[in-house]
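# Structural description and commentary
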Amino acid sequence: MNRFLQKHAKGFARAFWCLLLLLVWELWVKLSHVPSMLFPSVEEVFITLWEDLFHGNLLGQTISSLWLICLGLGIALLLSLFAGLLSIHSKTAASFMDTLTAIAHPLPGLALLPLIIMWFGTGTKAVLAIIIHSALWPMLLNLMTGFSSVPDIYLDTGRNLSMGPVSITLEIMLRSSFGYVLSGLKIGWARAWRALISAEMVFGAVGSQGGLGWYLLNQRTFMDTSGLFAGILLVILIGILVEDVCFSVLEKHTLERWGMKGQAKTT
């Protein structure tokens, strides 16, 4: 029993604080008698969330947003791996990638909106471009930092074992720097998720029914405050689930299995 509690301590703590915040929210609304137009109760928000998910378009809009961000993150990950692997085999490429990352990493995706609209329009391609830009640079930066931090003795050992360049790259460099890769993916996800919601609110409906950002924009337009809070709550819940479930499972099957727990880095 103690082992189970220790294993899931973070999840229990997260649930406790979330429930406490919801309780404070509900009590404050009930005791202050604030108009629901300005600040709805937790009960109203959850009723609206349930209705819109299972009797409205919110579920489909959520799936649409998740599909877009998965596609964008996948493309960004492949590009970062290609650029990172290229940089370890060429000092010129490494210098170029380092400069390009320094230029593009601090640049918000929304600052590129005028150019993105001119190049890609206001549809799915434009949203994907913003997602890729938001996720690519932190992934690449962490990956290059991870590659540069691999001890030379690891590489020398691989060469002494007659491992080829491909084997050294895949079996030694990528595995040794996977903590950096995972951290870059976490940062890329967080930045891309924020950029996706913002882009959908700017561009409007993308696809047949739009995404979560379009849902939020509609609730604001029609002054549906409980719906607006429901959308915000759903965005938060998805963020927590991805962070605490998806990334935890990935870490468990990689870093923990390889005996590298605690080596994830953030740059």
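The structure this text deals with has already been given above.
Our subject in this report is the structure included herewith. Being a predicted model, the structure only gives us computed values, none of them experimental.

## Comments concerning helix H3 (residues 42–55)
With 14 residues, H3 should cover 20 Å at 1.5 Å per step; its first-to-last C-alpha distance of 19 Å lies within 8% of that length. Residues of H3 that are buried: Val42, Val45, Thr48, Leu49, Asp52 and Leu53. Seen end-on, H3 carries its buried residues on one side only, within an arc spanning 130°. Exposed positions of H3 whose direction lies more than 90 degrees from the buried face are Trp50 and His55.

## Description of the packing of helix H5 (residues 91–104) against helix H7 (residues 124–148)
Two numbers describe how H5 lies on H7: the axes approach to 10 Å, and their chain directions differ by 135°. As far as their axial angle goes, H7 and H5 are oblique. Between H5 and H7 lies a crossing whose hand is left-handed. Across the interface between the two elements, Ala94, Met97, Asp98, Leu100, Thr101 and Ala104 of H5 pack against His133, Trp137, Leu140, Leu141 and Met144 of H7. The class makeup of the residues in the contact of H5 with H7 is 8 nonpolar, 2 polar and 1 charged.

## Some remarks on the side chain of Thr225
Within the secondary structure layout, Thr225 lies in helix H12 (residues 225–256). Residues in contact with Thr225, not counting those within four places in the same chain, are Ser36, Met37, Leu38 and Pro40.

## Things to note about the environment of Gly179
Here Gly179 lies in helix H10 (residues 178–203). With a relative accessible area of 2%, Gly179 lands in the buried category.

## Digging into a nonpolar patch on the surface
A grouping of Phe16, Trp17, Leu20, Leu23, Val24, Leu27 and Leu31 is seen on the molecular surface, where their side chains present a nonpolar patch of about 730 Å² in accessible area. Along the chain, the position of Leu23 falls in helix H2 (residues 9–32). For Leu23, a relative accessible area of 47% translates into the label partly exposed.

Reading the values: the criteria
- Residues numbered from 1 in each chain as written.
- Predicted model: local features only at pLDDT ≥ 70, side-chain atom pairs only at ≥ 80, totals over all residues.
- Heavy atoms only, no water.
- Helix = DSSP H or I, 4+ residues; strand = E, 2+ residues; numbered from the N terminus.
- Expected span 1.5 Å × (residues − 1).
- Buried < 20%, exposed > 50% of the residue type's maximum accessible area, 1.4 Å probe, protein only.
- Arc of directions from axis to C-beta.
- Axes fitted to C-alpha atoms, helices over the stretch in contact; angles between N-to-C directions.
- Parallel < 35°, antiparallel > 145°, perpendicular 65-115°, else oblique.
- Left-handed = near helix turned anticlockwise from the far one by under 90°.
- Contact = heavy atoms within 4.5 Å.
- Nonpolar A, V, L, I, M, F, W, Y, C, P; charged D, E, K, R; others polar.
- Patch = residues over 30% accessible without salt bridge, like charges linked within 9 Å, V, L, I, M, F, W, Y side chains within 5 Å.
- Areas by Shrake-Rupley, 256 points an atom, 1.4 Å probe, with all protein chains shown as cover.
- Salt bridge = Lys/Arg side-chain N within 4 Å of Asp/Glu carboxyl O.

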